[in-house]
Amino acid sequence: MREVAIVAFGQSDHRRDTAEISEVEMLMPVLHQVLDAVGLRAGEIDFTCSGSCDYLAGRAFSFTMALDGVGAWPPISESHVEMDGAWALYEAWTRLLTGEAETALVYSYGKSSPGDLREVLTRQLDPYYVAPLWPDSVSLAALQAQALLDADDTGDGVADERALAGVAARSRTAAEDNPHAQLAGSPPPEALLDEPYLVRPLRRHDCPPVGDGAAAVVLAAGDTARRLCRRPAWIRGMDHRTEAHSLGVRDLTRSPSSRLAAERAGAFEAPVDLAELHAPFTSQELILRRELRLGEDVRVNPSGGALAANPIMAAGLIRLGEAAAAIHRGAADRALAHATSGPCLQQNLVAVLEGDAS
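Parameters at a glance
Residues numbered from 1 in each chain as written. Predicted model: local features only at pLDDT ≥ 70, side-chain atom pairs only at ≥ 80, totals over all residues. Heavy atoms only, no water. Axes fitted to C-alpha atoms, helices over the stretch in contact; angles between N-to-C directions. Helix = DSSP H or I, 4+ residues; strand = E, 2+ residues; numbered from the N terminus. Parallel < 35°, antiparallel > 145°, perpendicular 65-115°, else oblique. Left-handed = near helix turned anticlockwise from the far one by under 90°. Contact = heavy atoms within 4.5 Å. Domains from an automatic or database assignment. Buried area = accessible area lost by both parts, 1.4 Å probe. Salt bridge = Lys/Arg side-chain N within 4 Å of Asp/Glu carboxyl O. Polar contact = N/O pair within 3.5 Å; in protein donor to acceptor, adjacent residues only side chain to side chain. Nonpolar A, V, L, I, M, F, W, Y, C, P; charged D, E, K, R; others polar. Core = buried A, V, L, I, M, F, W, Y, C linked by side-chain atoms within 4.5 Å. Buried < 20%, exposed > 50% of the residue type's maximum accessible area, 1.4 Å probe, protein only.

As annotated in an unreviewed UniProt entry, the protein chain carries the name Thiolase domain-containing protein and is attributed to Streptomyces rugosispiralis.

Running from N to C, helix α6 (residues 137–150) and helix α11 (residues 282–291) cross one another at 55 degrees; their axes reach a closest spacing of 9 Å. Comparing their axes, α11 and α6 come out oblique. Judged by the sense of rotation from one axis to the other, the crossing of α6 with α11 is left-handed. Note on element contacts: α11 touches α6 through Ser283, Gln284, Leu286 and Ile287, opposite Ala141, Gln144, Ala145 and Leu148.

Annotation of the protein chain at the domain level lists domain 1 (4–116 + 210–233) and domain 2 (132–209 + 235–354). Relative to domain 2, the C-alpha centre of domain 1 lies at a distance of 23 Å. In this assembly, 44 residues from domain 1 lie in contact with 39 residues from domain 2. Both sides of the domain 1 and domain 2 interface together cover about 3100 Å² of buried area, and 64% of this is carbon and sulfur. Counting the contacts that link domain 1 with domain 2 gives one salt bridge. Aspartate 333 is the salt-bridge partner of arginine 231, the closest N and O atoms lying 2.7 Å from each other. Counting the contacts that link domain 1 with domain 2 gives 16 residue pairs in polar contact (both at pLDDT 80 or more). Among the secondary structure elements, those contributing two or more residues to the side of domain 1 that touches domain 2 are β1 (4–11), α4 (85–97), β4 (103–111) and β7 (212–221). Of the residues belonging to the side of domain 1 that touches domain 2, the class tally is 26 nonpolar, eleven polar and seven charged.

What follows concerns the nonpolar core. Core analysis: the largest hydrophobic core is formed by 41 residues, its most contacted members being Ile6, Leu89, Leu219 and Leu320. Among the elements that take part in this core, helix α12 (residues 315–328) stands out by supplying eight residues, more than any other. Among the domains, domain 1 (4–116 + 210–233) and domain 2 (132–209 + 235–354) are the pair contributing at least three residues each to this core. In this structure, Leu31, Val34, Ala216 and Leu228 belong to the second largest nonpolar core, which totals 27 residues.

This part covers the side chain of asparagine 178. By the element assignment, asparagine 178 lies in the loop between α7 (161–174) and α8 (189–192). The exposure class assigned to asparagine 178 is buried, which follows from its relative accessible area of 13%. Engagement of the side chain of asparagine 178 in a polar contact is seen with the backbone oxygen of serine 303, the distance being 3.1 Å. Contacts of asparagine 178, omitting those with residues within four sequence positions, involve Ser303 and Glu322.

Listed below in structure tokens is the structure:
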């Protein structure tokens, strides 16, 4: 199979509110950052793919405005997915695998601050049986968390509220080394447990921050990747799967789609030393650790993960970018990256990245 790698990654500083700038103004510095890193201009990129959500902007085809940040003249080969940018990366990856392109620019962005994100995300739900009830994203995550806490068999470790607080404390403490994080630093788990519930059993620290942000990566194939990057992050496998649309027919304590995607991506063929998991809620990290067979020796979310910054439609792409960046700088040799979309880990993508031997 043709070799394809992530050769550059960039992201914005994630903030609670960016009302003073547009999506284009938020995105352009990130695009310039990744293109400068590989010494290319936008017109030298063979394929461009983006991920975003029109519901956040409140207008149809809002993603076409973001193309002003790329430059669509002279005409470019371009595509868009109404999904997290991780799925845009998947489309670009397949384009390079088929030999239709040598390089690709993938970007995504989301501004959650203009509206009520918990209400906006209800539009992802089954329109016949669930959406008319208007359950918001945090309440659905609380149902999943409570199911996990009530489960008799939680696999390795104990799933309780202290374990959830431990995930939050570790993630946000790790984010102190991430200059782009929206939230960084945390009291110890014992202090977090003194906080009131937001939606039981979730407290505020169990939930992701609402904020605005953007991210971009550059992909390249074969010798082009080696020319553009000192240590490319080769995509050894990538797959995405989805759960049944109806939440009532799922076991919310499990994520079989994540496990299947990991299996098809080759994640279980050899150990990984780092994992970037798109787990917006603390309980979801515990579920994903089990499904992806991540032991205590694996560094999970050293960037802080989605608990430190969760720009909708970009957080999944950031997980792939952070894993790739760790390989670029020699901090990892084999990494797993995960992205999710929809309520309660509805859709899941897993990629395995590797660096060349030193």
